[in-house]
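Chains, contacts and geometry: an overview
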Amino acid sequence: MTAIKPSGIFLLALFCSCALLGSAFFPGSASALGEVGVYSVKSEIPSEVQEAAETLQAKAELQRGDEGFWSYALSTLIIRFVGIFIVLGIIQVVMWISGRFFQSLEKRKKTAEAQKA
Amino acid sequence: MTWESFLEVLNQILITQTGIFHLTPKLFVMWAVGLLFIYLAVAKKYEPLLLLPIGFGILAVNFPLVPLMGFNDDGNRQLFQIFYHYGVEWEVIPCVIFLGLGAMTDFGPLISNPKTMVVGAGAQLGVFVTFIGVLFFGFTLKEAASVGIIGGADGPTTIYLTAKLAPHLLGANALAAYSYMAMVPLIQPPIVRLMTTKKQRLIRMKQLRPVSKLEKTIFPLSVFTIIALLIPAVTPLMGMFMLGNFMRESGVVERLSNTAQGALMNIVTIFLGISVGATMHADKFLTPKPLLIFGFGLLDFAICTMGGVLTVHIMNLFLKDKMNPIIGAAGVSAVPMAARVAQITGQQEDRHNFLLMHAIGPNLAGVIGSAAAAGMFIAMFG
């Protein structure tokens, strides 16, 4: 149990602090997520129109250079970076649990063999 | 036939059927670039398996009138264009390389010390810092994501993501990724020394527990399940990676495993190198962006290394059995080069401190981490 606790606390603390920082500094993240929702619908639009719209959007994004763009970019950064910690953290927990399981299995095997002997 | 008409025909032939009169200074610059990478591969042995075919690809497509990277008069693709289209654009080659990598990888050190998984995540810091950094220089969001992933130090992932988001930057990104991967022994040690004290570098870690065969066999299946559920966008890469590893660990398809990590891997490496090199025509490459990519790639690598070391420092605040922060640098993928560098850096302080197996853990976590980062970018912009 001692092995997982500290890293678990570390992960949780990191996630919470990043989430707090994100919400404090980049209030535009909610609207950014809204934009993602819009992206997912566009696949039904003809590809030429979609490409033209994307180009226009990219140009507008670059030309704007306003708070909206940067809060979108920065909130993306924080969400994605924390996301990697969460994904790898979940894999870590699964590995830890399965490791414990296999270790106990090994122990049982050894005890059974010792008892037989 | 008059002398004039003979000269006219000769002139026509020289102009339309030879490349001599179509040479431009830009092409000479690209020859120099191609020859530089061939030199690095042959003389310096920097990632020769990739840099040699890339260098040749650069050289070959930068001769005038060569029918390699375009379309024939009847609209069919030319040779290198076929390799590029079906190999890279169709995302086949990076995934097949991941299959081979999976078949070559022993996840034992990572399974026996799961804590190192987080180090692989921390070492992706540079990916995101660079993503923001390049936005200031006029890169679009998609381009920024593809440049950022260079710091993940994972060639196939870089190529996979760039081919999806910013194919026009493929040559520069791949070249930067492989060049810096080759320079890990030069880039990482000074950063590690800067970020650690001598006492920290002397930390000896507990010996890793042995991992059973069954545990190793279950590992690729469980990781695949988690990745497929959480980041489905990266399933082609991670799926092939885990399939390769499952073939290896299951032990029942040794022939397939051997082919994946041997012949198949070698075949696709040839096509990958040529395809990447062939995208670097002078007109596309000689712009300010590739230079910026090389500059930011280096910064990216440095920040990723710092991120890994910093993550170990933070983890050590909570851990009873301290980790040697040198292994944090191996959190960038670059398998197994980064782990070897960690071992050498550790032994420079204490000859009897063997960090290699401990460093392999974050090293492999870095592969999963960089693929996860790529998956997140694809999910967002792909």
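Residues numbered from 1 in each chain as written. Chains lettered and ligands numbered in written order. Predicted model: local features only at pLDDT ≥ 70, side-chain atom pairs only at ≥ 80, totals over all residues.

Observations regarding the overall build of chain B
Helices and strands together make up the secondary structure of chain B, namely 21 helices and zero strands. For chain B, the C-alpha radius of gyration of 23 Å lies close to 21 Å, the compact-globule estimate for 382 residues. Principal axes of the C-alpha set define a box for chain B whose edges measure 95 × 45 × 40 Å. Out of the 382 residues in chain B, the part that is buried amounts to 55%. (Helix = DSSP H or I, 4+ residues; strand = E, 2+ residues; numbered from the N terminus. Rg over C-alpha atoms; globule rule 2.2 N^0.38 Å. Buried ≥ 20, exposed ≤ 12 C-beta atoms within 10 Å, placed from the backbone.)

Some remarks on the confidence of the model for chain A
All names here are of chain A. Per-residue pLDDT for chain A averages 66, and the proportion of residues at 70 or more is 43%. Helix H2 (residues 29-41) is the least confidently modelled element of chain A, averaging 39 in pLDDT, while helix H4 (residues 67-116) averages 89, the highest of any element. Confidence drops under pLDDT 50 across residues 18-43; counting only partners more than four residues distant or on other chains, this segment forms 21 contacts. (pLDDT = per-residue confidence, 0-100. Contact = placed C-beta atoms within 7 Å.)

Focus: unusual backbone geometry
Residue and element names in this part refer to chain B. Of the consecutive residues Val-335 and Pro-336, the connecting peptide bond is found in the cis state with omega at -10°. Mapped onto the elements of the fold, Pro-336 is located in the loop between helix H19 (288-318) and helix H20 (337-349). Despite not being glycine, Glu-47 has its phi angle at roughly 40°, a positive value. Topologically, Glu-47 is positioned in the loop between helix H2 (25-42) and helix H3 (48-61). Taking the C-beta count within 10 Å as the criterion, Glu-47 has 23 such neighbours and is therefore assigned buried.

A look at the nonpolar core
Generally speaking, soluble globular proteins have nonpolar side chains that are buried together. One finds Leu-88 of chain A together with Ala-338, Ala-342, Ala-372 and Phe-377 of chain B to be the most contacted residues of the largest nonpolar core, which totals 141 residues. Contact partners of Phe-377 of chain B, with chain neighbours within four places excluded, come to Ala-145, Ile-149, Leu-161 and Leu-165 of chain B. (Core = buried A, V, L, I, M, F, W, Y, C linked by C-beta atoms within 7 Å.)

Regarding the interface of chain A and chain B
On the side of chain B, 36 residues touch chain A, which itself brings 32 residues to the contact. Contributions of two or more residues to the side of chain A that touches chain B are made by helix H1 (4-25), helix H3 (47-64) and H4 of chain A. With 22 residues, the top contributor of residues to the side of chain A that touches chain B is H4 of chain A. The class makeup of the residues in the side of chain A that touches chain B is 22 nonpolar, eight polar and two charged. (Nonpolar A, V, L, I, M, F, W, Y, C, P; charged D, E, K, R; others polar.)

Describing the packing of helix H12 (residues 184-195) of chain B against H19 of chain B
All names here are of chain B. Between H12 and H19, whose axes approach to 10 Å, the crossing angle comes to 45°. When the axis of H12 is compared with that of H19, the two are oblique. Crossing angle aside, the handedness with which H12 passes H19 is right-handed. For the pair formed by H12 and H19, the contact residues are Ile-187, Gln-188, Ile-191, Val-192 and Met-195 on the first element and Phe-301, Ala-302, Thr-305, Met-306 and Val-309 on the second. (Axes fitted to C-alpha atoms, helices over the stretch in contact; angles between N-to-C directions. Parallel < 35°, antiparallel > 145°, perpendicular 65-115°, else oblique. Left-handed = near helix turned anticlockwise from the far one by under 90°.)

Re helix H4 (residues 79-89) of chain B
Residues and elements named next belong to chain B. Residues Phe-80, Gln-81, Phe-83, Tyr-84, Gly-87 and Val-88 constitute the buried set of H4. For H4, the angular spread of buried residues about the axis comes to 160°, placing them on one side. Elements that come into contact with the buried residues of H4 comprise H3, helix H5 (92-104), helix H10 (155-165) and helix H17 (263-278). One or two positions beyond H4, positive phi appears at Glu-91, with a value near 65°. (Arc of directions from axis to C-beta.)

Side note on the environment of Tyr-39 of chain B
Its location among the elements puts Tyr-39 of chain B in helix H2. With 13 residues separating them along the chain, Tyr-39 of chain B and Leu-52 of chain B place their C-alpha atoms 8.3 Å apart.

Regarding H2 of chain B
All names here are of chain B. Over its 18 residues, H2 runs 26 Å from end to end, which matches the ideal 26 Å to within 8%, given 1.5 Å per residue. If you check which residues of H2 are buried, you get Met-30, Val-33, Gly-34, Phe-37, Ile-38, Leu-40 and Ala-41. Along H2, the residues classed as buried sweep out an arc of 165° about the axis, all on the same side. Within H2, the exposed residues directed more than 90 degrees away from the buried face are Pro-25, Phe-28 and Ala-32. (Expected span 1.5 Å × (residues − 1).)

So, the packing of H2 of chain B against H3 of chain B
Residue and element names in this part refer to chain B. Relative to each other, H2 and H3 sit at 160°, their axes nearing to 8 Å. Here H2 is positioned roughly antiparallel relative to H3, judged by the angle of their axes. In the crossing of H2 with H3, the sense of the turn from one axis to the other is left-handed. Contacts from Met-30, Trp-31, Val-33, Gly-34, Leu-35, Phe-37, Ile-38, Leu-40, Ala-41 and Val-42 in H2 reach Pro-48, Leu-51, Leu-52, Ile-54, Gly-55, Phe-56, Ile-58 and Leu-59 in H3.

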